[in-house]
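Next come the chains, spelled out residue by residue.
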Amino acid sequence: MIWQQAFFETRWRFLIGLVLLPVSAMFVALSYAQVTALAQSVTATPDTALGREIATAMEMAKRYDSYVWSQWFQRNGAQLGAFFAAIIGTGGLLSQSAAARLFTLSLPVSREKLLAARAAAGLGQVLALTFVPALVIVIVSPAIGRSFPVLDALAYVLCLFAGSAVFFSLAFFLSSVFANVWTPVVLSLCAGPVLGGLDVITGGGFSLPRMAHGESYFYGHGLPWLMLLISAGVSLTLLYAGTRLIARQDF
């Protein structure tokens, strides 16, 4: 019962993402031929910031695996994953109407179990939204005469899920502070630019965005185990803090 309720609370957000992300990933894979043709006809001017970006994109497009990584796991997939993780994480008891909250609290389970079920269901949805698009890329790649290694896809999924889980957990925590549904979403998404700024300041030594993008694995340095553990610790801390705040609320 509580698992069904936890899933149904965010089912439409999840289902929209489950359509949008795989379609976007498929478009990235199937567009490779057009991108490589365009790259051959474009002359970059690396003496400007835009020129350097174009030159980097053209360099990445020379190999299919680097193209997919730069376009999906570093950009589109990471951005969409963080967005849907935040909107799936928001909501909960504070945002429910009085009648819905009364029904939820009348269930013969503790608030901690209710919130644990919601967190587990939400993280399961976030995992699906990171795994399914990567699977789509692996499956459709042969249609254009290319292949994307399953092991690489799984490594990037692990990194992207760990990063998305932080956004989910932050929205989950903020939902225990704000009754408004959209405030946790906006504040959670604002964490993206903040983390990007910290990345520049710290030189990328401990970078959540770079970890989520799988940069370490892409450049041949293996999985970023330390950052994966730190991300997991941050997510668990936020989930626990949000659960305790709701458990102590006087409804």
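Below: a short report on this structure.

Procedures and definitions
Residues numbered from 1 in each chain as written. Predicted model: local features only at pLDDT ≥ 70, side-chain atom pairs only at ≥ 80, totals over all residues. Heavy atoms only, no water. Helix = DSSP H or I, 4+ residues; strand = E, 2+ residues; numbered from the N terminus. Contact = heavy atoms within 4.5 Å. Areas by Shrake-Rupley, 256 points an atom, 1.4 Å probe, with all protein chains shown as cover. Polar contact = N/O pair within 3.5 Å; in protein donor to acceptor, adjacent residues only side chain to side chain. 1 Å grid on protein atoms, 1.4 Å probe; cavity = no way out; pocket = protein on both sides within 12 Å on 5 of 7 lines; lining within 4 Å. Points joined across faces, edges and corners; volume = space filled by probe spheres on them. Nonpolar A, V, L, I, M, F, W, Y, C, P; charged D, E, K, R; others polar. Axes fitted to C-alpha atoms, helices over the stretch in contact; angles between N-to-C directions. Parallel < 35°, antiparallel > 145°, perpendicular 65-115°, else oblique. Left-handed = near helix turned anticlockwise from the far one by under 90°. Buried < 20%, exposed > 50% of the residue type's maximum accessible area, 1.4 Å probe, protein only.

## Considering the overall build of the protein chain
Move 1: Across its full length, the protein chain carries 12 helices and 0 strands.
Move 2: Each helix and strand of the protein chain, placed in order from N terminus to C terminus, yields the pattern α-α-α-α-α-α-α-α-α-α-α-α.
Move 3: Counted over contacts in the protein chain with a minimum sequence separation of 6, partners at least 24 positions apart contribute 78%.
Move 4: Accessible surface computed for the protein chain: about 12800 Å², of which carbon and sulfur atoms make up 70%.

## Some remarks on the environment of Ser 141
Move 1: Tracing the sequence through the fold places Ser 141 in the loop between helix H7 (111-140) and helix H8 (150-174).
Move 2: Put simply, Ser 141 and Ala 29 are 112 residues apart on the chain and 6.3 Å apart in space, counted from C-alpha to C-alpha.
Move 3: Contacts of Ser 141, omitting those with residues within four sequence positions, involve Tyr 64, Arg 146, Ser 147 and Phe 148.
Move 4: Only 2.6 Å separates the side chain of Ser 141 from the side chain of Tyr 64, close enough to count as a polar contact.

## Description of the layout of surface pockets
Move 1: Empty space within the largest pocket amounts to approximately 380 Å³.
Move 2: Considering the residues around the largest pocket, the lining is formed by 18 residues, among which Ala 78, Ala 82, Phe 167, Gly 192 and His 213 are closest to the centre.
Move 3: Breaking the lining of the largest pocket down by element, the ones donating at least two residues are helix H5 (64-89), H8, helix H9 (182-202) and helix H10 (208-213).
Move 4: For the lining of the largest pocket, the leading source of residues is H5, giving 6 residues.
Move 5: Of the residues in the lining of the largest pocket, the class split is 10 nonpolar, 7 polar and 1 charged.

## Some details on the packing of helix H2 (residues 11-30) against H5
For any two helices packed against each other, the geometry comes down to the angle between their axes and how far apart the axes lie.
Move 1: For the pair H2 and H5, interaxial distance at closest approach is 10 Å and the crossing angle is 170 degrees. One finds that H2 runs roughly antiparallel with respect to H5. Crossing geometry of H2 relative to H5 is assigned as right-handed. Contacts from Arg 13, Phe 14, Ile 16, Gly 17, Leu 20, Leu 21, Ser 24, Ala 25, Val 28 and Ala 29 of H2 reach H5 at Tyr 64, Tyr 67, Gln 71, Trp 72, Asn 76, Leu 80, Gly 81, Phe 84, Ile 87 and Ile 88.
Move 2: Residue classes in the contact of H2 with H5 are distributed as 14 nonpolar, 5 polar and 1 charged.

## Remarks on the side chain of Ser 188
Move 1: Within the secondary structure layout, Ser 188 lies in helix H9.
Move 2: A relative accessible area of 0% means that Ser 188 is categorised as buried.
Move 3: What Ser 188 contacts, discounting residues up to four positions off in sequence, is Ala 86, Phe 167, Leu 170, Ala 171 and Leu 174.

Read these as spatial facts, not as claims about activity.
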